[in-house]
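Structure at a glance
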Amino acid sequence: EPEVTQTPSHQVTQMGQEVILRCVPISNHLYFYWYRQILGQKVEFLVSFYNNEISEKSEIFDDQFSVERPDGSNFTLKIRSTKLEDSAMYFCASSGSTEAFFGQGTRLTVV
Amino acid sequence: RKEVEQDPGPFNVPEGATVAFNCTYSNSASQSFFWYRQDCRKEPKLLMSVYSSGNEDGRFTAQLNRASQYISLLIRDSKLSDSATYLCVVSPQGGSEKLVFGKGTKLTVNP
């Protein structure tokens, strides 16, 4: 069964550093997303990406964040100058025309 | 009012019990509705889509009441493996647009 894969599974970074979270969406999907889940809280939408551009972003997705599809398979989330409150599970998702499939997530810990 | 609101639980039930989860959403223009399940520290996984006519998948029955902006999930003959957090999820624009998650209701099925 095709799946969304994310790397790394866990990333520890120092406050102020930049991190890049990587995702390989399902190959024939056209819509890509990043969500985050702070421990004990709900899953929150960050950004959606279609046709090589951002189609929607939330208030959380400010100038600290950026997304890129550097080649035909990867989809990345870059977080610049990380803060303690960026510690969360980050989920990548992709969809064709209906349901969204989620990757297993990257647990980001900012220390 | 929260966009998607659920009873946080937790629900603790014996094996074989029937359990019902409820959810309300605030955006009357919402197009698509889902129930996802999330195991501890794992990604959300689609359990079922929810249609106005109601739909059933084995032991699971989902219903949608657009007039009341209310979604429900019924689990019959619960199994130990049903223990998880159940997430009510709404897509405001349908199609492949963003998903808005409720905080989830935690279910523990006891032997």
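Check the entry above for the structure.
Residues numbered from 1 in each chain as written. Chains lettered and ligands numbered in written order. Predicted model: local features only at pLDDT ≥ 70, side-chain atom pairs only at ≥ 80, totals over all residues. Heavy atoms only, no water.

1. A few points about the state of the cysteines
All names here are of chain A. Applied cut-off: When the sulfur atoms of two cysteines come within 2.5 Å, that pair is taken as a disulfide. Going along the chain from the N terminus, every DSSP run of H or I of four or more residues is numbered as a helix, and every run of E of two or more is numbered as a strand.
Tallying each qualifying case throughout the model produces two disulfides over all chains. With its sulfur 1.9 Å from that of its partner, Cys23 forms a disulfide with Cys92. Measuring the twist about the S-S bond at about -65°, one finds the Cys23-Cys92 disulfide to be left-handed. Placement of Cys23 in strand E3 (residues 19-24) and of Cys92 in strand E9 (residues 88-95) is noted, with a sequence separation of 69 residues between them.

2. Observations concerning the interface of chain B and chain A
The test is simple: The contact rule is simple, with two residues in contact once any of their heavy atoms fall within 4.5 Å. Once two parts are joined, some of their accessible surface, as seen by a 1.4 Å probe, is lost; buried area is that loss totalled over both. Salt bridge, as used here: a side-chain nitrogen of Lys or Arg that lies within 4 Å of a carboxyl oxygen of Asp or Glu. Residues are grouped as follows: Ala, Val, Leu, Ile, Met, Phe, Trp, Tyr, Cys and Pro are nonpolar; Asp, Glu, Lys and Arg are charged; every other residue, Gly included, is polar.
Facing the 16 residues of chain B at the interface are 23 residues of chain A. Carbon and sulfur atoms supply 52% of the area buried between chain B and chain A, which totals about 1700 Å² over both sides. Among the ionic pairs, Lys98 of chain B bridges to Glu56 of chain A, the shortest N-O distance being 3.5 Å. Taken together, the elements giving at least two residues each to the side of chain B that touches chain A come down to strand E4 (32-38) and strand E5 (44-50) of chain B. Classifying every residue of the side of chain B that touches chain A gives five nonpolar, five polar and six charged.

3. Considering the layout of surface pockets
How we decide: Grid points spaced at 1 Å over the protein atoms alone were grouped into cavities, where a 1.4 Å probe fits but cannot get out, and pockets, open sets with protein on both sides within 12 Å along at least five of seven lines, with lining residues defined by an atom within 4 Å of a point. Grid points are joined across faces, edges and corners, and a volume is the space filled by probe spheres set on the points.
Estimated volume of the largest pocket: approximately 760 Å³. For the lining of the largest pocket, the secondary-structure elements that each account for two or more residues are E9 of chain A together with strand E1 (4-6), strand E9 (84-91) and strand E11 (105-110) of chain B. Residue composition of the lining of the largest pocket, by class: 10 nonpolar, 10 polar and 11 charged. For the lining of the second largest pocket, the secondary-structure elements that each account for two or more residues are strand E1 (5-7) and strand E10 (100-102) of chain A together with E5 of chain B. Grouping the amino acids of the lining of the second largest pocket by side-chain chemistry returns eight nonpolar, five polar and seven charged.

4. Quick notes on empty space enclosed by the protein
Residue and element names in this part refer to chain B. Under the counting rule described, the total for this entry stands at two cavities of 30 Å³ or more. Taken as a whole, the second largest cavity holds about 50 Å³ of empty space. Taken together, Glu3, Val4, Tyr25, Ser26, Asn27, Ser30, Val90, Pro92 and Val100 make up the full set of residues lining the second largest cavity. Classifying every residue of the lining of the second largest cavity gives five nonpolar, three polar and one charged.

5. Brief notes about the pattern of salt bridges
For side chains bearing opposite charge, pairing can occur when the charged atoms are close. All names here are of chain B. Here is the rule we go by: Exposure is judged per residue with a 1.4 Å probe applied to protein chains only, and the accessible area is read against the type maximum: over 50% gives exposed, under 20% gives buried, and values in between give partly exposed.
Tallying each qualifying case throughout the model produces six salt bridges over all chains. Of the charged contacts, one joins Asp82 and Arg59 as a salt bridge, the two residues approaching to 2.8 Å between their closest N and O atoms. Within this pair, whereas Asp82 is found in the loop between strand E8 (70-75) and E9, its partner Arg59 is found in the loop between strand E6 (55-57) and strand E7 (60-65), the two being separated by 23 residues in sequence. Among the residues examined, Asp82 registers a relative accessible area of 3% and is labelled buried.

6. Focus: the environment of Asp62 of chain A
All names here are of chain A. Under the convention used in this document: Two N or O atoms form a polar contact when they lie within 3.5 Å of each other; inside protein one atom must be a possible hydrogen donor and the other a possible acceptor, and for residues adjacent in sequence the pair counts only when both atoms belong to side chains.
Residue placement: Asp62 occurs in the loop between strand E6 (53-57) and strand E7 (65-68). Accessibility expressed as a relative area gives 36% for Asp62, which makes it partly exposed. A distance of 2.9 Å separates the side chain of Asp62 from the backbone nitrogen of Gln64, its partner in a polar contact.

Taken by themselves, the reported measurements are silent on function.
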